[in-house]
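Here is how the chains run, residue by residue.
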2 protein chains.
Amino acid sequence: MNTLPAKTVERLSEYRRTLMGCLNAKRNYIYSHQLASLLHITAVQVRRDLMLIGYSSVLRKGYDVRELIDTIGRIIDSEETMNVAIIGIGNLGRAVAGYFKGKRSKLNLVASFDNDPQKVNKVISGVRCYPYQEMEKLMGELNIRIAILTVPADYARETAENTIRFGIKGILNFTTVPLNVPSGIFLEEYDMITSMEKVAYFVKENRF
Amino acid sequence: MNTLPAKTVERLSEYRRTLMGCLNAKRNYIYSHQLASLLHITAVQVRRDLMLIGYSSVLRKGYDVRELIDTIGRIIDSEETMNVAIIGIGNLGRAVAGYFKGKRSKLNLVASFDNDPQKVNKVISGVRCYPYQEMEKLMGELNIRIAILTVPADYARETAENTIRFGIKGILNFTTVPLNVPSGIFLEEYDMITSMEKVAYFVKENRF
DNA sequence: TAAACATTGTTATTTTATTAACAATAAAAA
DNA sequence: TTTTTATTGTTAATAAAATAACAATGTTTA
Ligand SMILES: NC(=O)c1ccc[n+]([C@@H]2O[C@H](COP(=O)([O-])OP(=O)(O)OC[C@H]3O[C@@H](n4cnc5c(N)ncnc54)[C@H](O)[C@@H]3O)[C@@H](O)[C@H]2O)c1
Ligand SMILES: NC(=O)c1ccc[n+]([C@@H]2O[C@H](COP(=O)([O-])OP(=O)(O)OC[C@H]3O[C@@H](n4cnc5c(N)ncnc54)[C@H](O)[C@@H]3O)[C@@H](O)[C@H]2O)c1
């Protein structure tokens, strides 16, 4: 299949998250407009996204929740589990680790790396923290493909470059520093302040 | 002026962040292509955004960094400071507070609210934590307009509804739960897992 | 059974966002 | 001084995303 639009991928992730909630609540079928309204989007959007991944409902009964979860998984998850590491297990790193650990079967948070002697070789937020110096060795051994970057801003560039040198293929960058990555490496950046300023702007304008 | 496109607002925030970095590095002028390359976007994008806010450069010398920072501020910041509170000062709340506190002059983190007796009436990550029960009173007294929601998922709906009842106009929701807000309230949601799954998908596809 | 209905998958249309094109302009070079 | 050059602001073109429209199809109900 062709690569899906980034927005569709994001929504598929959200659909799955929501659908898992439905399963928990013992709901086994769901109509497009119901799923849509849980996520505050339109039913057309849902149907169009599902069309793109070729999923068909049981007519007039809605989508089979469990089946749809599986289908989305087959599309957006990798075949074998993809291993993830957190670089810099400080305040944000710990929050992220705690939230993330064990949430997805195909996305496995296997390590954190830090240079604080107080932290290394301890289990923090459910994840073993390794010395930063061992990153090269362990990235290979543990087959880590994705890095979550939560080091202080001053070290962002340097640590990112290292993760790439050691074989990482994707980076989720939470530091303030915009990174430069070579082609072939997928980079996603998120800065909370941008979100806050966006909220503040639209609150001020009160027109949206 | 007309409301700016959301994407432009996001980029203006990023421009400003980057420009402040330039100022720190004693750089006083910057060309559109230089700013663009710091953020990995195109120069046209930069120029178009600045056109929308009506900012003009000193020709052939580039944009005056300080002046541009001020102009962006006049557009995206509110006149008087806008007060912000964090609801639920746990792992994520603390990380956010520490990062955010004092970063923007017009966006002021003035309180956190929590129902853990161990936390209330202490200063945590630079912010005073108040008992959740006093939210109603204090939201008015402190004139809080924006809430950052970092409570456990199970309490997301309830606490969000309360903040709205008590006068909040914008919510930045970090919980897994998609919220339903009445019109007139601006809602921004962010879930790390969606970002992670997006990274994983494009790493898997290796085509982007 | 036949008519009305609810829901879907998909194509067509509209809207939004990005990129390209280019004339205008002043600085630098000839 | 004149020409070349670099850079801008803006309009025009393209691309991406969202929405609308609608035929198809079984379900319900009259
Ligand atoms: N994007 C966001 O929304 C957001 C929110 C909060 C914080 N942040 C950013 O995330 C980063 C981390 O914030 P924090 O509050 O967790 O900071 P922190 O100081 O609590 O944590 C940083 C961690 O990195 C470790 N570290 C320092 N240098 C290192 C190195 N060279 N190699 C490996 N580990 C190293 C430290 O020992 C510490 O454990 C900062 O850049 C901050 O600006 C971003
Ligand atoms: N969006 C993301 O990227 C992301 C990342 C990590 C965590 N999270 C989410 O953020 C939330 C907080 O995560 P965390 O790791 O900080 O959890 P946490 O348990 O460390 O913190 C939650 C805090 O909320 C307080 N609280 C509980 N009930 C409350 C109530 N009714 N009113 C006020 N305060 C209350 C608790 O006392 C605690 O201090 C969770 O919903 C988690 O899923 C989101």
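Keep in mind that what you see is a predicted model, and the values were worked out from it rather than measured.

Calculation rules
Residues numbered from 1 in each chain as written. Chains lettered and ligands numbered in written order. Predicted model: local features only at pLDDT ≥ 70, side-chain atom pairs only at ≥ 80, totals over all residues. Heavy atoms only, no water. Pairing = 2+ DSSP bridges. Helix = DSSP H or I, 4+ residues; strand = E, 2+ residues; numbered from the N terminus. Contact = heavy atoms within 4.5 Å. Axes fitted to C-alpha atoms, helices over the stretch in contact; angles between N-to-C directions. Least-squares fit on C-alpha atoms with pLDDT ≥ 70 in both. Domains from an automatic or database assignment. Buried area = accessible area lost by both parts, 1.4 Å probe. Salt bridge = Lys/Arg side-chain N within 4 Å of Asp/Glu carboxyl O. Polar contact = N/O pair within 3.5 Å; in protein donor to acceptor, adjacent residues only side chain to side chain. Nonpolar A, V, L, I, M, F, W, Y, C, P; charged D, E, K, R; others polar. Near = heavy atom within 4 Å. Areas by Shrake-Rupley, 256 points an atom, 1.4 Å probe, with all protein chains shown as cover. Buried < 20%, exposed > 50% of the residue type's maximum accessible area, 1.4 Å probe, protein only. Arc of directions from axis to C-beta.

**What to know about the sheet that holds strand 9 (residues 186-189) of chain B**
Here's step 1: In spatial order, the strands read 5-6-4-3-7-8-9 (chain B); together these seven strands make up an open sheet with mixed pairing. On the outer flanks of this sheet lie strand 5 (123-124) and strand 9 of chain B, each paired with one strand and no other.
Here's step 2: Where strand 5 of chain B lies against strand 6 (residues 127-131) of chain B, two bridges are found, and the strand directions are antiparallel. Among the inter-strand pairings, B:Ile124 is bridged to a residue of strand 6 of chain B, identified as B:Val127.
Here's step 3: Running over the sheet, helix 8 (residues 192-205) of chain A touches strand 3 (82-87), strand 4 (107-114), strand 7 (144-149), strand 8 (170-173) and strand 9 of chain B and is turned about 165° from strand 9 of chain B.

**With respect to the relation of the copies chain B and chain A**
Here's step 1: Of the transformation superimposing chain B on chain A, the axial component is 0.0 Å and the angular component is 180°, with the fit at an RMSD of 0.0 Å. What we have between these two chains is a two-fold relation.
Here's step 2: In this assembly, 100% of the residues forming the interface of chain B have copies in chain A that are likewise at the interface, indicating an isologous arrangement.

**Side note on the domain arrangement of chain A**
Here's step 1: Along its sequence, chain A is organised into domain 1 (6-75) and domain 2 (82-193).
Here's step 2: Its C-alpha centre places domain 1 of chain A at a distance of 31 Å from the equivalent point of domain 2 of chain A.

**Overview of the interface of chain B and chain A**
Here's step 1: Taken residue by residue, the interface counts 66 residues in chain B and 66 residues in chain A.
Here's step 2: Here chain B meets chain A over a buried area of about 6,100 Å², counting both sides, of which 67% is carbon and sulfur.
Here's step 3: On the chain B side of the interface with chain A, the three residues burying the most area are B:Phe186, B:Met196 and B:Glu197, jointly 11% of the side's total.
Here's step 4: Residue A:Glu10 pairs with B:Lys198 through a salt bridge whose shortest N-O separation is 2.8 Å.
Here's step 5: On inspection of chain B and its partner chain A, the count reaches 28 residue pairs in polar contact (both at pLDDT 80 or more).
Here's step 6: Per-element accounting of the side of chain B that touches chain A gives the leading share, 14 residues, to helix 8 (residues 192-205) of chain B.
Here's step 7: Along the lines of polarity and charge, the residues of the side of chain B that touches chain A split into 35 nonpolar, 13 polar and 18 charged.

**Some words on the protein's contact with DNA strand C**
Here's step 1: The environment of DNA strand C is made up of 21 residues, and the closest members are A:Ser32, A:Arg47, A:Ser57, A:Arg60 and A:Tyr63.
Here's step 2: Expressed as a percentage, the sugar and phosphate content of the atoms of DNA strand C within 4 Å of the protein is 64%.
Here's step 3: Here a phosphate oxygen of DNA strand C sits 2.5 Å away from a polar atom, N or O, in the side chain of A:Ser32.
Here's step 4: The separation between a base oxygen of DNA strand C and a polar side-chain atom of A:Arg47 is 2.9 Å.
Here's step 5: When contributions to the surface near DNA strand C are tallied by element, the ones reaching two or more residues are helix 2 (32-39) and helix 3 (43-52) of chain A together with helix 1 (6-24) and helix 3 (43-52) of chain B.
Here's step 6: The dominant element in the surface near DNA strand C, judged by the number of residues it contributes, is helix 3 of chain B, at four residues.

**A word on the site of ligand 2**
Here's step 1: Residues in close proximity to ligand 2 total 24 residues, the closest being B:Leu92, B:Asp114, B:Lys119, B:Val151 and B:Phe174.
Here's step 2: Within the backbone of B:Leu92, an N or O atom sits 2.8 Å from an oxygen atom of ligand 2.
Here's step 3: Within the side chain of B:Asn115, a nitrogen or oxygen atom sits 3.4 Å from a nitrogen atom of ligand 2.
Here's step 4: Coverage of ligand 2 by the protein chains reaches 85% of its 840 Å² of free accessible surface.
Here's step 5: Mapped onto the shell around ligand 2, the elements with two or more residues apiece are helix 5 (91-100) of chain A together with helix 5 (91-100) of chain B.

**Let's talk about the site of ligand 1**
Residues and elements named next belong to chain A.
Here's step 1: Around ligand 1 lies a shell of 24 residues, among which Leu-92, Asp-114, Lys-119, Val-151 and Phe-174 are the nearest.
Here's step 2: The separation between an oxygen atom of ligand 1 and a polar main-chain atom of Leu-92 is 2.8 Å.
Here's step 3: Its free accessible area being 840 Å², ligand 1 has 85% of it covered by the protein chains.
Here's step 4: In the shell around ligand 1, the residues fall into 12 nonpolar, eight polar and four charged.

**Considerations on the protein's contact with DNA strand D**
Here's step 1: Around DNA strand D, the surrounding shell holds 22 residues, and the nearest of these are A:Arg11, B:Ser32, B:Ser57, B:Arg60 and B:Tyr63.
Here's step 2: For DNA strand D, the fraction of protein-proximal atoms (within 4 Å) that sit in sugar or phosphate groups is 62%.
Here's step 3: A distance of 2.5 Å separates a phosphate oxygen of DNA strand D from a polar atom in the side chain of B:Ser32.
Here's step 4: B:Tyr55 places a polar main-chain atom, nitrogen or oxygen, 3.4 Å from a phosphate oxygen of DNA strand D.

**A look at the sheet that holds strand 9 (residues 186-189) of chain A**
Residues and elements named next belong to chain A.
Here's step 1: In spatial order, the strands read 5-6-4-3-7-8-9; together these seven strands make up an open sheet with mixed pairing. The open sheet terminates on both sides in strands that have one partner only, identified here as strand 5 (123-124) and strand 9.
Here's step 2: One ladder, built from four bridges, connects strand 7 (residues 144-149) with strand 8 (residues 170-173); its direction is parallel. Bridge pairing links Ile-146 to Gly-170 in strand 8.

**Thoughts on helix 2 of chain A**
Residue and element names in this part refer to chain A.
Here's step 1: Those residues of helix 2 that fall on the buried side of the exposure criterion are Ser-32, Leu-35, Ala-36 and Leu-39. Around the axis of helix 2, the buried residues are gathered within 100° of arc, so they sit on the same side.
Here's step 2: Summarising the contacts, the buried residues of helix 2 are in contact with helix 1 (6-24), strand 1 (29-30), helix 3 and strand 2 (63-64).
Here's step 3: Once helix 2 ends, the next one or two residues include His-40, with phi positive near 60°.

**Regarding the pairing of strand 4 of chain B**
All names here are of chain B.
Here's step 1: With six of its eight residues buried, strand 4 lies for the most part within the structure.
Here's step 2: The pairing of strand 3 with strand 4 spans six bridges and is parallel. Looking at the pairing, Asn-83 lines up with Asn-108 of strand 4.
Here's step 3: Across three bridges, strand 4 lies against strand 6 in parallel orientation. For Phe-113, the partnering residue across the bridge sits in strand 6 and is Tyr-130.

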